[in-house]
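For reference, the chains in residue letters:
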Amino acid sequence: MAKMWAGRFKKEVDSKVNDFNSSISFDGRMYRHDIMGSIAHATMLGKTGIIDPAESEKIITGLEGILADLDSGALSLDMEAEDIHMFVEAELTKRLGDTGKRLHTARSRNDQVAVDIRLYLRDEIKEISAEVQELIQTLCEMASEHTETIMPGYTHLQRAQPITFAHHLMAYANMLLRDLGRLSDTMKRMNVNPLGSSALATTTYPIDREMTSSLLHFDAPMANSLDGVSDRDFCIELASAISTIMMHLSRFSEEIILWSSWEFKFIELDDAYATGSSIMPQKKNPDVAELVRGKTGRVYGDLVSLLSMMKSLPLAYNKDMQEDKEAIFDAVDTVKLCLTTFTPMLKTARILKENMRAAAAKGFINATDCADYLVKKGMPFRDAYKITGTLVGICVDTGKTLETLPLSTYRELCGLFDEDVYAAISLEQCAMARNVLGGPAKESVERQIAQVKAALETA
Ligand code: ARG
């Protein structure tokens, strides 16, 4: 089929070049947004009198018909087309004849594609945000049930101090809340209208860019037309926000993988969210969490592809920019896939409280509290730290814990120790006494849950 731009060419494009050049296989998914953009453009052309209003009406009805037919499946995308923009315009012209050929007045594919991606990603941001909110909600619900579930908190993956499972979960809730902020921040800079930039230098027609902006619910037209067609910062910002979400999910997945191991056994994944081995009958593998961790690398790759693709491009549009779509679409698809699988996996996991409690009882995670006990009786912290260290050494040598060490041994080292030391170093006390803002105490975590829920309301 002859190209729409065939006029100045004497030969047909080589068929391999045709395939190489074509983007319909991946930009076809933007058909709805392409048509929305075209309807706004056609409306503006009619209202400003750039084209006859009656023809504008026909174009709009024609575009609506194409959209309905694509939605219903009565019309399918032509994979021979160069891209989605050419496909829609060709189909319109097939249906309307010469009237269809007027749609592209005062427009270029350069501003058209920039509009399409923004409209498409705007919808995707809404979906991703809803999924992130759902996960935060799940974390709040689970946390409410585990404000007294003692577990070891770690540094260097070594048992450090007692916390609660709720406290741990709410750390992720806060991380994800920042992710929501990053998504909405990306949206702010994405939601501006490049339409009217045309190829690069706007147009001599009296177009109304404010009108297309408000028809498409953009906040404003982009202020500079070269920037309008050259900018892909919004793809990079979104890929970066998504990469951070993935990084969070990946850290969480890593913990879920550890927690599901026999060495930890803090949780047991539901059968519906785990898989078996083809050879080892005893295996129950956390494949979902591992895949989320694995796919994180791939999303980072998308971000790096976008950054590298843009870094040497002179203004304005360059065909390299067609590569933006596969990268950003992959990032968007991957994060949605991960979120929709991760949340129910977490929700259905069985929390093995007793094992968490038992792990917390090993590893001297109340040693800081033992030192603090002496400090509260007037001893300088460094001295208290040393005495407690010696006590831990004795426990290690004698196979005891700070809870089971007799008071006589305590008193041999320091006369400040009394019977009340046992209450001071009980794991429950250690966690619940940390009722400082942000801490693991039940009340503190309940405040955190309330805060996160309130933030969700306004998100
Ligand atoms: N398919 C192209 C893309 O995705 C559309 C813009 C083409 N513009 C051009 N001047 N060839 O970037």
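This text goes with the structure placed above it.
Please read these numbers as outputs of a predicted model, since none were measured by experiment. (Residues numbered from 1 in each chain as written. Predicted model: local features only at pLDDT ≥ 70, side-chain atom pairs only at ≥ 80, totals over all residues. Heavy atoms only, no water.)

## Some details on the site of the ligand
(1) Moving on: All residues adjacent to the ligand are Ser23, Asp27, Asp83, His85, Arg109, Asn110, Val113, Tyr317, Gln322 and Lys325.
(2) Moving on: A distance of 2.9 Å separates a nitrogen atom of the ligand from a polar atom in the side chain of Asn110.
(3) Moving on: Between the ligand and Lys325, the relevant distance is 2.7 Å, taken from an oxygen atom to a side-chain nitrogen or oxygen of the residue.
(4) Moving on: Protein chains bury 86% of the 340 Å² of accessible surface belonging to the ligand in isolation.
(5) Moving on: The element that contributes the greatest number of residues to the shell around the ligand is helix H6 (residues 109–145), accounting for 3 residues. (Near = heavy atom within 4 Å. Polar contact = N/O pair within 3.5 Å; in protein donor to acceptor, adjacent residues only side chain to side chain. Areas by Shrake-Rupley, 256 points an atom, 1.4 Å probe, with all protein chains shown as cover. Helix = DSSP H or I, 4+ residues; strand = E, 2+ residues; numbered from the N terminus.)

## Topic: the side chain of Lys325
(1) Moving on: Checked against the element boundaries, Lys325 lands in helix H12 (residues 324–348).
(2) Moving on: Classification of Lys325 by relative accessible area gives buried; the value is 3%.
(3) Moving on: Lys325 has contacts with Phe26, Asp27, Met30, Val113, Ile117 and Asp330, leaving out every residue within four places of it along the chain. (Buried < 20%, exposed > 50% of the residue type's maximum accessible area, 1.4 Å probe, protein only. Contact = heavy atoms within 4.5 Å.)

## Observations regarding unusual backbone geometry
(1) Moving on: A cis amide bond links Leu315 to the next residue, Ala316, at an omega of 0°.
(2) Moving on: When you line up the elements, Ala316 lands in the loop between helix H11 (287–310) and H12.
(3) Moving on: Of note in this structure, His156 is not a glycine but carries a positive phi near 55°.
(4) Moving on: In this structure, His156 sits in the loop between strand E1 (150–155) and strand E2 (158–164).
(5) Moving on: Within the chain, His217 stands out as a residue other than glycine whose phi angle is a positive 60°.
(6) Moving on: Among the structural elements, His217 can be located in the loop between helix H8 (209–215) and strand E4 (220–221).
(7) Moving on: By relative accessible area, His217 is classed as exposed at 60%.

## Re the pairing of E1
(1) Moving on: Relative to E2, E1 runs antiparallel, the two sharing 6 bridges. Opposite Pro152, over in E2, you have Pro162 as the bridge partner.
(2) Moving on: Two successive antiparallel strands, E1 and E2, enclose a turn made up of 2 residues, where His156 displays a positive phi of approximately 55°. (Pairing = 2+ DSSP bridges.)

## Focus: a nonpolar patch on the surface
(1) Moving on: Taken together, the side chains of Leu200, Leu226 and Leu315 present a nonpolar region at the surface, about 280 Å² in accessible area.
(2) Moving on: With respect to the helices and strands, the residue Leu200 is situated in the loop between strand E3 (192–193) and H8. (Patch = residues over 30% accessible without salt bridge, like charges linked within 9 Å, V, L, I, M, F, W, Y side chains within 5 Å. Salt bridge = Lys/Arg side-chain N within 4 Å of Asp/Glu carboxyl O.)

## Describing a negative patch on the surface
(1) Moving on: Negative charge collects at one region of the surface, where Asp14, Asp19, Asp78 and Glu80 lie side by side.
(2) Moving on: Its place among the elements puts Glu80 in the loop between helix H4 (53–72) and helix H5 (84–96).
(3) Moving on: Relative accessible area serves as the criterion here: at 66%, Glu80 is assigned to the exposed category. (Lys, Arg positive; Asp, Glu negative; His and termini not counted. Charge placed at Lys NZ, Arg CZ, Asp CG, Glu CD.)

## Quick look at the environment of Val304
(1) Moving on: Take Val304: it is sitting in helix H11.
(2) Moving on: In this structure Val304 comes out as partly exposed when scored by relative accessible area, which is 48%.
(3) Moving on: Taking the C-alpha atoms as reference points, Val304 and Ala160, separated by 144 residues in sequence, lie 36 Å from one another.

## Quick notes on the pattern of salt bridges
Proximity of charged atoms lets side chains of opposite charge pair with each other.
(1) Moving on: What the rule picks out here adds up to 30 salt bridges.
(2) Moving on: Arg293 is the partner of Glu254 in a salt bridge, and the nearest nitrogen-oxygen pair spans 2.4 Å. Pair noted here: Glu254 is in helix H10 (residues 233–260) and Arg293 is in helix H11, with a separation of 39 residues, a long-range link.
(3) Moving on: The residue Arg434 makes a salt bridge to Asp369 at a minimum N-O spacing of 2.8 Å. Taken as a pair, Arg434 in the loop between helix H18 (427–432) and helix H19 (442–458) and Asp369 in helix H14 (residues 367–376) lie far apart in primary sequence, 65 residues in all.
(4) Moving on: The exposure class assigned to Asp369 is buried, which follows from its relative accessible area of 10%.
(5) Moving on: What you see here is one network of salt bridges that share partners, running through Asp69, Glu91, Lys94 and Arg95.

## A closer look at the packing of aromatic side chains
(1) Moving on: Summed over all chains, the structure comprises 10 aromatic pairs.
(2) Moving on: Measuring from ring centre to ring centre gives 5.0 Å for Tyr120 and Phe329, while their planes differ by 55°; the resulting arrangement is tilted. Taken together, the residues span a long stretch of sequence, with Tyr120 in helix H6 and Phe329 in helix H12 at a distance of 209 residues.
(3) Moving on: Overall, Tyr120 belongs to the buried group, its relative accessible area being 7%.
(4) Moving on: Judged by centre distance (6.1 Å) and plane angle (55°), the ring pair of Phe381 and Tyr385 falls under tilted. With Phe381 and Tyr385 both in helix H15 (residues 381–398) and 4 residues apart, this pair spans about one turn of that helix.
(5) Moving on: Put simply, the rings of Tyr373, Tyr410, Phe417 and Tyr422 pair up and form one aromatic cluster. (Phe/Tyr/Trp six-rings, centres within 6.5 Å; stacked < 30°, edge-to-face > 60°.)

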